[in-house]
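Notes for the structure review
Okay, here's what each chain looks like letter by letter:
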Amino acid sequence: MFTSFGKYILLLRLSFKRPEKFKVYWAEVMREMVSVGIGSLGIIAIISVFIGAATTIQVAFQLASPLVPLSIAGKISRDSNILEFSPTISSLVLAGRVGSNFASQIGTMRVTEQIDALEIMGVNAPGYLISPKIIAGVSMVPVLVIMSICLGITGGYIACLAGSEITPADYVAGVVDGFDGLTIRVALVKAVVFGFLIASICSYQGFYTSGGALEVGQSATRGVVYSCVMILFADLVITRLML
Amino acid sequence: MIEVKDIYKTFGENEVLKGITATFKTGKNNLIIGGSGSGKTTMLKCIVGLHEPTKGQVFFEGENFTEMDFEQRVPIRTQIGMLFQNSALFDSMTVEENIMFPLNLFTNQTIQEKRDRANFCLERVNLKGRNKLYPSELSGGMKKRVGIARAISMEPKFLFVDEPNSGLDPKTSILIDELIAELTVEYNMTTVVVTHDMNSVMGIGDHIIFLHQGQKWWEGSNKEIAHTDNQELNDFVFASKFMQAAKEKL
């Protein structure tokens, strides 16, 4: 485990060495940002709306008491979305979609000697392949998380319109009541950290693939599993430190 | 000129290269031949720096490549072209982008100059007009030729070729061999080819090194190979009935 961690740190160091030409790297960063951001919009939108709606219904169901104002369900639903569901669930889904893509893409390049070809040309392969992915992860996951928060809250509103547990007016009153900007800061810190973990862990797994198609698949699986575990661990640490 | 001095390479307990010393001459097709597992590809990878030798040194034009770090190697690496066994073209790029890739990173040429160079290289390997195709749309022989075009795009002084004929039909194999031989003369390159194809050996082998069990077993030219009394080399080169018949006619 310590050897792997050492290799991971060394790979990260190599990834952020001065590029041979910024222009070429910048084009790669843009390509990866489109792949991570635009490519993940659909799945993030779908899960956010459904999780937002389901959370609102469940919270309203659990708080069905004459002693508790119904608007509290909107408030709990909002904070749950901002603090936990949007950053963490979205990142777990992104680990599956984006992380497996990173690991299998780099792994395939490794087993088909494309990384060797880069190295022969004098290109810093970790820098060219991994740094654009990390930059894309760190910059686009927060954007997706913000979008997920908005859609999650919208999903809750749709659930109120469609159901009878809580009225839309109560929900909106709860959503705007006692909003604390710290929750958004926590969500963004989580998003940045999770974006980094997904991109770096999956790229690391891909970069050190050896063998053939079977091993590329195994690297992708390992990348997703390790990123998910690290996301949950980081989630706990950030929550503990910031709240 | 490339000099390899007393190279050893060990993977775990498996000693693949056992003290090989060789010189690869400029303007010649230098072939490394040998049976499967003899250490040909490992030797090639040690020369180009994809593997670090356990012991020994590699010199490019007198400069000690083995002792250089990554940054120091870059000026030499920009003078190296390599054709991989499976071509190793970048899947996400078109043929033209593949050829322009090293030019984008290591030259300050304008887009038009890079396009012109890519077109010239493609024309040189008889693939004019295939610029916009992706590697997945090419046949094995075409991939090899694009690989060669990419390798010569920076006008290298050293060309390394790993199994250029693997997976190709005999006619295409000969075309690839001829192309490599022509380019070696045209660019006055030091060309090192790893192969076990006997057509290549007899066709373009100006200087041949035969590896056996990780050691240099024989060295000579394609003209000398037919008359050698080296048992292992004879067993390797003239393994087929066709080659035995050809030898009798020589």
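Predicted model, so just to flag it, every value in this text is computed and none were measured. (Residues numbered from 1 in each chain as written. Chains lettered and ligands numbered in written order. Predicted model: local features only at pLDDT ≥ 70, side-chain atom pairs only at ≥ 80, totals over all residues.)

What follows deals with the interface of chain A and chain B. The interface is formed by 13 residues belonging to chain A together with 16 residues belonging to chain B. No other element matches the 6 residues that helix H4 (residues 114-121) of chain A contributes to the side of chain A that touches chain B. Among the residues making up the side of chain A that touches chain B, the classes are represented as 5 nonpolar, 3 polar and 5 charged. (Contact = placed C-beta atoms within 7 Å. Helix = DSSP H or I, 4+ residues; strand = E, 2+ residues; numbered from the N terminus. Nonpolar A, V, L, I, M, F, W, Y, C, P; charged D, E, K, R; others polar.)

How big an interface is tends to be stated in terms of the accessible area lost upon association of its parts. All names here are of chain B. Along its sequence, chain B is carved into domain 1 (2-79 + 156-249) and domain 2 (88-155). When each unit is reduced to the centre of its C-alpha atoms, the spacing between domain 1 and domain 2 is 25 Å. With 11 residues of domain 1 at the contact, the number on the domain 2 side is 10 residues. Its residues assigned to classes, the side of domain 1 that touches domain 2 comprises 8 nonpolar, 3 polar and no charged. (Domains from an automatic or database assignment.)

Moving on to the packing of helix H2 (residues 22-62) of chain A against helix H6 (residues 131-162) of chain A. Residues and elements named next belong to chain A. Following both chains from N to C, one finds H2 and H6 inclined at 25°, their axes separated by 6 Å at the closest point. Comparing the axis directions of H2 and H6 gives the class roughly parallel. With respect to the hand of their crossing, H2 and H6 are arranged in right-handed fashion. When the residues that make up the contact of H2 with H6 are grouped by side-chain class, the tally is 23 nonpolar, 13 polar and 3 charged. (Axes fitted to C-alpha atoms, helices over the stretch in contact; angles between N-to-C directions. Parallel < 35°, antiparallel > 145°, perpendicular 65-115°, else oblique. Left-handed = near helix turned anticlockwise from the far one by under 90°.)

All names here are of chain B. If you trace the 6 strands from one edge of the open sheet to the other, you get S6-S7-S8-S3-S9-S10, paired in mixed fashion. Looking at which strands have only one partner, the edges of the open sheet turn out to be strand S6 (80-83) and strand S10 (215-220). Each neighbouring strand pair of the sheet contributes to a mean axis angle of 20°, computed without reference to strand direction. As paired strands, strand S3 (residues 29-34) and strand S9 (residues 207-212) are joined by 5 bridges and run parallel to one another. Bridging across to S9, Ile 33 finds its partner in Phe 210. Where helix H5 (residues 140-152) meets the sheet, its contacts fall on S6 and strand S7 (158-162), and the angle it forms with S6 comes to roughly 175°. (Pairing = 2+ DSSP bridges.)

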